[in-house]
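Coordinate inspection notes
Chain by chain, the residues:
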Amino acid sequence: MIDRRHAILGSLAAGLSVGVAAQTRPPATGGPPTPGLADPSETIDLWPAGAPGMPATPLIETVDERSKDPQLTDRAVHGISRPRLVVFRPAIPNGSAVLVTPGGGYRWVVIDKEGYEIGRWLAARGWTVFVLFYRLPGDGWAAGPDVALADAQRAMRLIRSRARDYGVLPERVAAMGSSAGGHVCGDLATRFAASTYAPVDAADRLSARPDIAAPIYAVQSMSLPLAHPGSRELLIGKAAPPALERRHSTAANVSSATPPCFLVHAEDDPTVPVDNTLEFRAALKRAGVAVETHLFTHGGHGFGIRRAAGKPAEAWPALFAAWAQSQGLG
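1. Structural notes on the packing of aromatic side chains
- Taken as a whole and assessed by the stated rule, the structure comprises eight aromatic pairs.
- Summarising the aromatic geometry, the rings of Trp47 and Tyr197 are spaced 4.8 Å apart at their centres and angled 90 degrees between planes, so their arrangement reads as edge-to-face. Remark: Tyr197 occurs in the loop between helix 3 (180–191) and strand 10 (212–216) and Trp47 occurs in the loop between strand 2 (43–45) and strand 3 (59–65); sequence separation between them is 150 residues. When sorted by exposure, Trp47 lands in the same class as Tyr197, which is buried.
- Arranged with centres 5.2 Å apart and planes meeting at 80 degrees, the rings of Phe130 and Tyr166 form a pair that is edge-to-face. Placement of the pair is Phe130 in strand 8 (residues 128–133) and Tyr166 in the loop between helix 2 (147–161) and strand 9 (173–178), with a sequence separation of 36 residues.

This is the structure in structure tokens:
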């Protein structure tokens, strides 16, 4: 049953096996596609025998359409039990790929504003883009707070294992994430080698380290008062001890092996304080990791591409593309 406001895509039973020939499709819109903005149809399921550590209660993948404009979708997906990559192929590949992790406060995954729109922009400039539908930590997965990181690690390894199929060089794979998806991105950049799941195939012998990372207005700290309360509660719980906070605070996990980073934030962000980015930047500088930082006076939170239009923050995608090129990507 699919309608404009609440599309239920089906109950996904525990342990359901997904084969290569039957990849899970992206969620459908509730209305006609916008001209020139058709959704991609190519997907890659991350786990060939089903995602590990399934919750006791089967999840129902649900799409909430939050937009009031029939020509502009704003979908939020939750109940994800078939984590997957949605692929945006460029007309002429430039040899670089990017894994995009949309935000959503770990409550859901905001696929249009912080996923598909970025995917279309980058693909138009030659990037092969993989938008990640990752599992959410509040859904009861065995991996707990590491469940989204596990999906991001697996995604990076699959992208590298299939690089030749997409005209991508395996040493030119970036990661980009916004808001809570920026935490997934920062977690991947700092904890790419963490053991979060048992290897399932040859792809898991490859590195999960992104070659560059771009956390955009990102949730970074899990320590109050700096932490975004909703993301913190869903990731590690309200009563999380300091050791657990530190384990999932990106600045605490920066090392010399962390890839070069591109950071963007608005000074007037009322949801995720800009000090999240400043703390992460300071840790990168201490570790000797190359970092480029762009702070905008106005912009608020969650501006993506659409809400940055007409503001100075509108420049951030082009700034990222230029910086990535200076790092040998794009």
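2. With respect to the pairing of strand 8
- In terms of residue burial, strand 8 counts as a mostly covered element, since six of its six residues are buried.
- Along strand 8, one buried face is formed by Thr128, Phe130 and Leu132 and the opposite face, lined by Val129, Val131 and Phe133, is buried too.
- Both strand 5 (residues 84–88) and strand 8 contribute to a ladder of five bridges, which runs antiparallel. Among the inter-strand pairings, Arg84 is bridged to a residue of strand 8, identified as Phe133.
- Bridging between strand 6 (residues 97–101) and strand 8 involves four bridges; their strand directions are parallel. Within strand 8, the residue paired with Val100 across the bridge is Val131.

3. Points about helix 3
- The terminal C-alpha atoms of helix 3 lie 16 Å apart, and with 12 residues this matches the ideal 16 Å at 1.5 Å per residue to within 8%.
- Of all the 12 residues making up helix 3, 12 are buried; the element is thus mostly covered by neighbouring parts of the structure.
- Every buried residue of helix 3 is accounted for by Ala180, Gly181, Gly182, His183, Val184, Cys185, Gly186, Asp187, Leu188, Ala189, Thr190 and Arg191.

4. Observations regarding the side chain of Lys113
- Tracing the backbone through its elements, the reader meets Lys113 in helix 1 (residues 112–123).
- The class of Lys113 is buried, set by a relative accessible area of 10%.
- Within polar-contact distance, the side chain of Lys113 engages the side chain of Glu114 at 3.3 Å.
- At 2.9 Å, the side chain of Lys113 forms a polar contact with the backbone oxygen of Gly302.
- Residues in contact with Lys113, not counting those within four places in the same chain, are Asp74, Gly302, Gly304, Ile305, Arg306 and Arg307.

5. What to know about the packing of helix 1 against helix 7 (residues 316–326)
- The N-to-C vectors of helix 1 and helix 7 enclose an angle of 50 degrees; their axes lie 12 Å apart at closest approach. Considering their axes alone, helix 1 and helix 7 lie oblique with respect to each other. Crossing hand, helix 1 versus helix 7: right-handed. Contacts between helix 1 and helix 7 involve Ile118, Trp121 and Leu122 on the former and, on the latter, Trp316, Pro317, Ala318, Phe320 and Ala321.
- Tallied by class, the residues present in the contact of helix 1 with helix 7 amount to eight nonpolar, no polar and no charged.

6. Side note on the sheet that holds strand 11 (residues 261–266)
- Pairing is mixed across the open sheet formed by eight strands, whose spatial order is 2-5-8-6-9-10-11-12. The open sheet has two edge strands, strand 2 and strand 12 (291–296), and neither has a second partner. Averaged over all pairs of adjacent strands, the angle between strand axes in this sheet comes to 20 degrees, irrespective of strand direction.
- When strand 11 meets strand 12, the two strands line up parallel, connected through six bridges. Within strand 12, the position partnered with Val264 by the bridge is His294.
- With respect to the sheet, helix 1 is in contact with strand 5, strand 6, strand 8 and strand 9, its orientation differing from that of strand 8 by roughly 170 degrees.
- Packing of helix 6 (residues 275–287) onto the sheet brings it into contact with strand 10, strand 11 and strand 12, and relative to strand 11 it is tilted by some 155 degrees.

Conventions adopted
- Residues numbered from 1 in each chain as written.
- Predicted model: local features only at pLDDT ≥ 70, side-chain atom pairs only at ≥ 80, totals over all residues.
- Heavy atoms only, no water.
- Phe/Tyr/Trp six-rings, centres within 6.5 Å; stacked < 30°, edge-to-face > 60°.
- Helix = DSSP H or I, 4+ residues; strand = E, 2+ residues; numbered from the N terminus.
- Buried < 20%, exposed > 50% of the residue type's maximum accessible area, 1.4 Å probe, protein only.
- Pairing = 2+ DSSP bridges.
- Expected span 1.5 Å × (residues − 1).
- Polar contact = N/O pair within 3.5 Å; in protein donor to acceptor, adjacent residues only side chain to side chain.
- Contact = heavy atoms within 4.5 Å.
- Axes fitted to C-alpha atoms, helices over the stretch in contact; angles between N-to-C directions.
- Parallel < 35°, antiparallel > 145°, perpendicular 65-115°, else oblique.
- Left-handed = near helix turned anticlockwise from the far one by under 90°.
- Nonpolar A, V, L, I, M, F, W, Y, C, P; charged D, E, K, R; others polar.

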